[in-house]
Each structure stands twice: as structure tokens, then as C-alpha cells.
Amino acid sequence: MTFKIFDLKNNQEISFLNNEFVIEENKKYRIIDEAGLLKKEEFTSIGEWVSPNFATITSTNKVAVFRLKNINIRVRSKLGDDFFNKVKAEIAEIEKQLLISSNGLEETFALTHGAFLEDVAISLLLEEWNNGELHRVLRFLFENPRFGYFNKSIKKNLTKGDVLSSADFQHLSKSTSSFIAHNGKVIPTTIDTVTRAQTHNVIEMRFIKFFLLFCFNLLEKRIISQSLGIAELERKAQNAKIEDNNNRLQLLKSTLRALENKQAKTKNIKLNFNIFLRSKVLDNVKFTGEIDFTSLKLHNQFHLKYLLDLYLKMRKSFETLSSHNLVYLSINSLENLYEYYCLIRLLKDFDVSTESIKNLIKKEKAGWVIDKSIAIPIGVHCDFSLILYFKKNFKGGSETYSQNYDPDYTIELKDRDNNVSYLHLDAKYRHHQYRVKKDDIDKMHTYTHAIKKSVGAIVLFPGKKKAYYKCLNSLVGALYCNPLEPLDLKSGVQDYLTEIKSLNTA
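As the structure is a computational prediction, the values presented were derived from the model and not from experiment.

(A) The overall build of the protein chain, seen in detail. A count of helices and strands for the protein chain gives twelve helices and 22 strands. Taken across its 506 residues, the protein chain has 47% of its residues classed as buried. A total of about 25,700 Å² of accessible surface is found on the protein chain, and carbon and sulfur atoms cover 48% of it.

Right, dumping it as C-alpha cells:
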């Protein structure tokens, strides 16, 4: 192989195993291609192209597989595949209760076209097509199509020279048909077995097919609308001719020509989309109205991300959020994923009911959102009533001693006299030798001493060691939120509250 990858920091060569290179997120790598076939556009979002023989890639906050020269490069979480898969599985468990997704981390949208404000969407589509970027990206994706493998059923005829492989023996006893004698032994004549076959029916190609059909439908509706406009202008022009109104007739003819030119251009773009849709690459790609957007958002391939970003931009412009308290559930990096996971863990460990979670995480026409205004009661401890908030905003001056702050999660503590204080929690997707990092503890000091009525702050991080630091009558520290090292966050938070209570009553 002429294609090699090296860790830029220690110059260690990355092995090519199981038909892929495996690299880690947040690291920089050097790529050397002795054949000199590296292209500048291949590194637009993943690194820096230096020459046809040399480039660098940086895998930042993504877990994905991308392809260079038909070679798979898989980016794994710095915390390992087991950590990443366990996070997804735990999120999937609670999302199924909410009917947010059917198989984990999917944002299952009703991908229909009727409710869209099509004028906004079509203008975004035409802008990207007319500047050439969309056409260039689609050409690249079809010249370098994604593929995967599946077990294809086949029949082997041993009397005609077909040879059994080691994998065939698991099918031997249950799928053989007739037998014959050969060299004094009885052997089957045929066997039903499977072989590894290549398919383009993978999530990336299914999304591309969906995107093309989505755009094709928009263009078709625009052409129909333009045809109705042309017919109306022709009718008005005919009336102007009958009325001998030459000035109006000339104005209508000019407008008619302009609309006909626009329709001709729209038809030409639709024709190009139809050519892509009729490509043999998509022959066996199933169309689906449900797309795993989370996996696509975590994808590190520039051209695919460009299509997804364009589609999401078109969809997001269709309808605004109904309240400033709502924030999009946008998982486009591992930090976002971990932040969402910690919220799910808090809700789960504090035994929050499914109905309460449904009030917090909602379905708007624009997508899945979290309502920041919702207060989630999570019980009583140390004579405090506990209420959980997501991204509660504390305004500078009135609620803080300096600027605005919005910790990831805030627990409001209300005592018997209705006096209110706050305990803040922040998710940080990092650790140092499984211990909390100093910078993150410093941030907890900032929350505790900058936000009024605060009694402490806790880092939630994917490590293995808890930490407590007393500071006057407050407490800062860290709790590990790691699916591979389970820690009940309810017990951990209650331990903090018990310590805080003792500090303020001593």
C-alpha cells in the first residue's frame, strides 16, 4: 500500500488492520501518499493539504468513518469504543420511553414536505446550486460512493467445482440437499450458504437519496408554480392585446420572458437531480423517511456534512421556535453528546417520571427541543426541596456579581422558609489520568462565587475519581459520570448537600 498515516506528535505509524486505519479524536496525523494522488478538496474540513504526496488531518470531537482513496479511516473516541457505545445505549434506553427514537440516538423526524415554507428552502437550494458548490459536492459523493457489507445468500454446487470455506460448515448440516458418493465418501451436491457482498445501502447513501428526492420535489413544485404564473401572464397579455393596451402588453411580455427563463433554469437543475437519482449507485439504496441524524452530525466527511448542514439549514428556516426558552437538541460533537448523556443520567438516577421528561424534551415542527423554562422536581434532601433546571440563565448584575452565566444544570435548593440557594453542575468531556482537570475545578469556583446564592458547583466528567474541595461555607468538586464506572449521581449529589449543610450549620 502506498498510503500511510503517522501520528504527528510521536511519528508512530498507524497500522492498517481489518481494512481500516483507526485514529483517535483530538489528535493530528500526517498522511503520505507515495502515488501522489491526494486532492486539496478532500481535506477541506478534516485537515490541511500540502501537496499530492503529503497532507495532515485532525480528528476533532467526532466519532465517524471517513474515506480517502477508497480507504476507511475510523475515528474512535479518546475514551474508547466501549465508552462511546455505552453512552449511546443508555441514551437510547430513555429515548425509547419518550418515543424520541426507535433504536437509539436517532432523531426520528417526520420527513414530509407539505408543512415547509418552500420559498425559503428553494432559495437556499438555488443559491448553493448556482454558486456551483452543491453540484461539485454531489459529483464527488457519487464518484466516491459509500458502501458496506452484508451476508448474501448463495448456493454452492460441489459437483461443479465450488469449494467449501471454513464459514460454510456452520450452514452445512441444516442446508444441504442431495448427497453423492465421492472417493468412498458421502458428500452433499449443493449447499445453501452466505458470502460477504458489497452494498451501497448504507446510512450515508440513504441520506443522499433522501436529500435528492427532497430537492427534486421542491423543484417540481416550483416548476408547477411557475407554470401557473406563466399561464396567468399569458392570459393577462391576451386581454391587453384585445384592449389594445400596448404599454401593458410589453410589460407583461417582458415579465413573461423573465419567468420562462427562470422556469427553464429550474427545469435544468431538476434534470441534473434526476440524473443523480437515476445513477446505478442508488439502485439498491432504500428510500426511508427516518434518518439517524445524530450519526450523520458526528460524521467527519466534509462533503456529507455539507449536504446535511444545507438540509438542516433549509429545514430550520421553515419554522421558528415558539419560545425563547426552547433550545434545539443539536448533537454535533462529542461534547454535546456527553452533555446530553449527563442530563439523561441525572433524570434517570433521580427517578424522574417519563411524563415529566416529556415536558422537558419536546417535539416542535422544527425538530426536537429542550425547554429551559421547565423546572423538574427531583425530591427532598437535608430539608431542601430540590428542583433541576437545564441551562438556567443567571443575569449579570441582578443574579450574578459580574456577567451572565448559564451552567449546564442547576439544582435549586429551597428550605422550609422558602429561602433559595443553588448548586451548579457542568459536564466536561475530558479528564487527566481519570481525575478531574484543574481548569474545570477553577470554573466551578467561578460559578460558586460569581452567581449569587450559590453554595457549590460540581464537574460531571468521564473519569473514575471523585473530588471535594471546601471553600469557606461552600463546596466545589467533581463526580464521575462514566457508563463504564457506574456512579449513582443521586447519591453523589446528596453527599454534597449533606456536606454543604454541615458547613453552614457548624
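There is more to say after this.
(B) How the structure looks around the sheet that holds strand β18 (residues 409-414). Pairing in this open sheet of seven strands is mixed, and the strands run β16-β17-β18-β19-β20-β22-β21 from one edge to the other. Edge strands, defined here as strands with exactly one partner in the open sheet, are β16 (376-381) and β21 (467-471). Within the sheet, the average angular offset between the axes of one strand and its neighbour, ignoring direction, is 20°. Pairing geometry for β18 and strand β19 (residues 420-427), over six bridges, is antiparallel. Considered in β19, the bridge of L413 is made with S421. On the sheet, helix α12 (residues 489-505) packs against β16, β17 (384-390), β18, β19, β20 (454-461), β21 and β22 (474-480) and is oriented at approximately 165° with respect to β22.

(C) The nonpolar core, seen in detail. Ranked by size, the top nonpolar core spans 62 residues in total, and within it Y409, I411 and L460 carry the most contacts. Excluding residues within four positions of it along the chain, L460 makes contact with Y338, C342, L346, Y409, L425, D426, A427, K428, L479, C481 and L489.

(D) Seen up close, the packing of helix α5 (residues 203-242) against helix α6 (residues 246-277). It is the contact of α5 with α6, at a shortest axis distance of 9 Å, that shows an interaxial angle of 160°. As summarised for this structure, α5 and α6 are arranged roughly antiparallel, according to the angle between their axes. Note on packing geometry: the crossing formed by α5 with α6 is left-handed. Classifying every residue of the contact of α5 with α6 gives 19 nonpolar, seven polar and eleven charged.

(E) Region of interest: the confidence of the model for the protein chain. Of the residues in the protein chain, 75% reach a pLDDT of 70 or more, and the chain-wide mean stands at 79. Confidence, read as mean pLDDT per element, is least for strand β13 (residues 326-328) in the protein chain (49) and greatest for β19 (96). In the predicted structure, residues 99-117 sits below a pLDDT of 50 and forms 57 contacts with residues beyond four places in sequence or in another chain.

(F) Fine view of the environment of D82. The residue D82 is located in helix α1 (residues 81-98) in this model. When its relative accessible area of 56% is taken as the criterion, D82 is described as exposed. When the C-alpha positions of D82 and L484 are compared, they lie 7.8 Å apart, and in sequence the two are 402 residues distant.

(G) Fine view of α5. Its 40 residues give α5 an end-to-end C-alpha distance of 59 Å, which sits within 8% of 58 Å, the value for a rise of 1.5 Å per residue. Where α5 terminates, the next one or two residues include D244, which has phi positive at roughly 60°.

(H) Seen up close, the environment of V137. Inspection of the secondary structure assignment puts V137 in helix α3 (residues 133-143). Note on V137: relative accessible area 0%, which makes it buried. Separated by 166 residues in sequence, V137 and H303 have C-alpha atoms that sit 5.6 Å apart.

(I) The environment of M444, seen in detail. Here M444 shows up in helix α11 (residues 438-450). The exposure class of M444 is buried, given its relative accessible area of 0%. With residues near it in sequence (within four places) discarded, M444 still touches D426, A457, I458, V459, V476 and G477.

(J) The pattern of salt bridges, seen in detail. A complete count under the given rule lists 18 salt bridges for this structure. For the salt bridge of K27 with D7, the shortest nitrogen-to-oxygen distance reads 3.8 Å. Of the two residues, K27 sits in strand β4 (residues 27-33) while D7 sits in strand β1 (residues 3-7), which places them 20 residues apart along the sequence. Two residues, E355 and K358, come together in a salt bridge whose shortest N-O distance is 3.9 Å. One end of the pair, E355, and the other, K358, are both in helix α10 (residues 354-360), three residues apart, so they sit about a helical turn from each other. Taking relative accessible area as the criterion, K358 reaches 33% and is therefore assigned partly exposed.

Here is what the cut-offs are and how they apply
Residues numbered from 1 in each chain as written. Predicted model: local features only at pLDDT ≥ 70, side-chain atom pairs only at ≥ 80, totals over all residues. Heavy atoms only, no water. Helix = DSSP H or I, 4+ residues; strand = E, 2+ residues; numbered from the N terminus. Buried < 20%, exposed > 50% of the residue type's maximum accessible area, 1.4 Å probe, protein only. Areas by Shrake-Rupley, 256 points an atom, 1.4 Å probe, with all protein chains shown as cover. Pairing = 2+ DSSP bridges. Axes fitted to C-alpha atoms, helices over the stretch in contact; angles between N-to-C directions. Contact = heavy atoms within 4.5 Å. Core = buried A, V, L, I, M, F, W, Y, C linked by side-chain atoms within 4.5 Å. Parallel < 35°, antiparallel > 145°, perpendicular 65-115°, else oblique. Left-handed = near helix turned anticlockwise from the far one by under 90°. Nonpolar A, V, L, I, M, F, W, Y, C, P; charged D, E, K, R; others polar. pLDDT = per-residue confidence, 0-100. Expected span 1.5 Å × (residues − 1). Salt bridge = Lys/Arg side-chain N within 4 Å of Asp/Glu carboxyl O.

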